[in-house]
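If you want the building blocks of each chain, they are given just below.
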Amino acid sequence: MANSPSGESVTDRLVRVLETFTPTRTAQTAAEIGRRSGLPSSTAHRIVGELVGAGLLERDDERRVRIGIRLWELATRSSSALRLRQAALPYMERVQQRVREHTQLAILEHDEALFLERLSAPASGSNVTRIAGRLPVHASSSGLVLLAFGDRALQDRVMSGTLVRLTPSTLVDPAQLRRKLSEIRTVGHAIAPGYIEEVSTGVAVPVRDETGAVIAALSVVLPRDEEVEFALVELHRAARDIERSLGYRH
Ligand code: PHB
C-alpha cells in the first residue's frame, strides 16, 4: 500500500481517523478529525470524504460526520465478540430482570475491559459503562476479574504502569492490588466498592471456555451499599448458562 511521506500506510491513516471517534465523541467535523488525528488537514479531509463515499462514515445535516451504519454492519458481522454477546444476552436479561440493576458483559482488549453489552432498567442507578466503551482493569469489577484470571505478563504490565486513582477507594498500590487479585482467584468473583465512582459497587464473575480460560466478565453495578449476595448467585448462574450455550460446558 502507498505510504505517506511520514512512512505511514493508508491503513495507519485510516485507523488514525477512525480512532478519533470515542464512546462520548460520536460526531465531529472533518476539521476536528484532522486536528485530533494529527494528520495534515488536506489528508484528513480527503480520507473523510472517501470514507463517507464508501458509507463507512456518514455526514449529518450540520456537516458533522459519524461512524456509518455500514461500518457497524461490517464490524459486527460474525465477529467472535458477536457470538459471545448473542449467547450471553438471554442470561444477561434474566440477571437484569431479577437483580434490576445494570448488567454488563466485558472482554479483555489491549489491557482494558471492553464492554460488549450493557442492559439497564429506567430506574437503575449510576453507571459509567458504555457499550463499546472501556474501563481500566484495576478499577472496575469486570476488569479485576479479567486481570485476576489473565496471564502473568498482563498483570506485570498493569502493575508497572500508572494505576490511575478515580476515587479515594481505587486500588492504586501494586501490593494491595496483587492481594485483591489473589482474593478474587480464591473466591471466584470481584467486588469493587466505589473504585470507579463512589456511589456504586461493581460485582463481576468470570465466563470460561472449555479449557477453563476466562474469556469474559459478567457484572452488575449496584448502588454502593446494596447487598451483593443475590447478585452474585444470579451472575454465577448466568455465567454457567452462557458457558453451556457456547458449548463449553455440558
Ligand atoms: C464496576 O464494574 O466496578 C463498575 C462499572 C461501572 C460503574 C461502577 C462500577 O459505574
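Keep in mind the model is a prediction, meaning the values are calculated, not measured.

### Some thoughts on the side chain of Glu243
With respect to the element layout, Glu243 can be found in helix 9 (residues 229-245). Other than its neighbours up to four places away in sequence, Glu243 contacts Pro206, Val207, Arg208, Tyr248 and Arg249.

### Concerning the domain arrangement of the protein chain
Many authors give the size of an interface as the accessible area that is lost as the parts come together. What the domain assignment reports for the protein chain is domain 1 (10-75) and domain 2 (80-246). The centre of domain 1, based on its C-alpha atoms, is set 31 Å off from the matching centre of domain 2.

### Digging into the pairing of strand 8 (residues 214-223)
When you tally the buried positions in strand 8, you get 7 out of 10 residues, the bulk of the element. Note that strand 7 (residues 200-208) and strand 8 share 9 bridges and pair antiparallel. Bridging from a neighbouring strand, Ser200 pairs with Pro223 of strand 8. Hairpin remark: strand 7 followed by strand 8, antiparallel, with 5 residues in the connecting loop; positive phi at Gly212, about 95°.

### Regarding helix 3 (residues 41-53)
Note on helix geometry: an α-helix contains 3.6 residues per turn, so any two residues three or four positions apart are oriented the same way. Over its 13 residues, helix 3 extends 18 Å from the first C-alpha to the last, a length consistent with the 18 Å expected when each residue adds 1.5 Å. Within the span of helix 3, buried status applies to Thr43, Ala44, Ile47, Val48 and Leu51. All buried residues of helix 3 project into a common sector of 130° when viewed along the axis, lining one side. Among the exposed residues of helix 3, those pointing more than 90 degrees away from its buried face are Ser42 and Gly53. Immediately downstream of helix 3, the backbone of Gly55 shows phi near 85°, a positive value.

### With respect to the sheet that holds strand 5 (residues 134-136)
Read across the open sheet, the 6 strands follow the order 5-4-3-8-7-6; overall the sheet is antiparallel. Strand pairing shows two members of the sheet lacking a second neighbour, strand 5 and strand 6 (190-193), which therefore form its edges. When strand polarity is set aside, the average angle formed by the axes of neighbouring strands in this sheet is 30°. As defined by bridge partners, strand 4 (residues 112-119) adjoins strand 5 across 3 bridges and the pair is classed as antiparallel.

### Digging into the site of the ligand
Taken together, Asn127, Val128, Thr129, Leu135, Ser140, Ser141, Ser142, Ala192, Glu197, Ser200, Gly202 and Val221 make up the full set of residues adjacent to the ligand. Within the side chain of Asn127, an N or O atom sits 3.4 Å from an oxygen atom of the ligand. Side-chain polar atom of Glu197 to an oxygen atom of the ligand: 2.5 Å apart, as the coordinates give it. For the ligand, the accessible surface in isolation is 280 Å², of which the surrounding protein chains cover 100%. Listing elements by their share of the shell around the ligand, those giving two or more residues are helix 6 (141-148) and strand 7. Taken together, the residues of the shell around the ligand break down into 4 nonpolar, 7 polar and 1 charged.

### Let's talk about the pattern of salt bridges
According to the stated counting rule, one finds 19 salt bridges in the structure shown. Across the pair Glu8 and Arg16 runs a salt bridge whose closest N-O atoms are separated by 2.9 Å. What makes Glu8 buried here is its relative accessible area of 17%. Among the residues examined, Arg16 registers a relative accessible area of 30% and is labelled partly exposed. In this structure, the salt-bridge partner of Arg244 is Asp241, at a minimum N-O distance of 2.8 Å. In this pair, Arg244 and Asp241 are both assigned in helix 9, 3 residues apart and thus about one turn of the helix distant. The partly exposed category is assigned to Arg244, whose relative accessible area is 38%. With relative accessibility at 15%, the residue Asp241 sits in the buried group.

Basis of the calculations
Residues numbered from 1 in each chain as written. Predicted model: local features only at pLDDT ≥ 70, side-chain atom pairs only at ≥ 80, totals over all residues. Heavy atoms only, no water. Helix = DSSP H or I, 4+ residues; strand = E, 2+ residues; numbered from the N terminus. Contact = heavy atoms within 4.5 Å. Domains from an automatic or database assignment. Buried < 20%, exposed > 50% of the residue type's maximum accessible area, 1.4 Å probe, protein only. Pairing = 2+ DSSP bridges. Expected span 1.5 Å × (residues − 1). Arc of directions from axis to C-beta. Axes fitted to C-alpha atoms, helices over the stretch in contact; angles between N-to-C directions. Near = heavy atom within 4 Å. Polar contact = N/O pair within 3.5 Å; in protein donor to acceptor, adjacent residues only side chain to side chain. Areas by Shrake-Rupley, 256 points an atom, 1.4 Å probe, with all protein chains shown as cover. Nonpolar A, V, L, I, M, F, W, Y, C, P; charged D, E, K, R; others polar. Salt bridge = Lys/Arg side-chain N within 4 Å of Asp/Glu carboxyl O.

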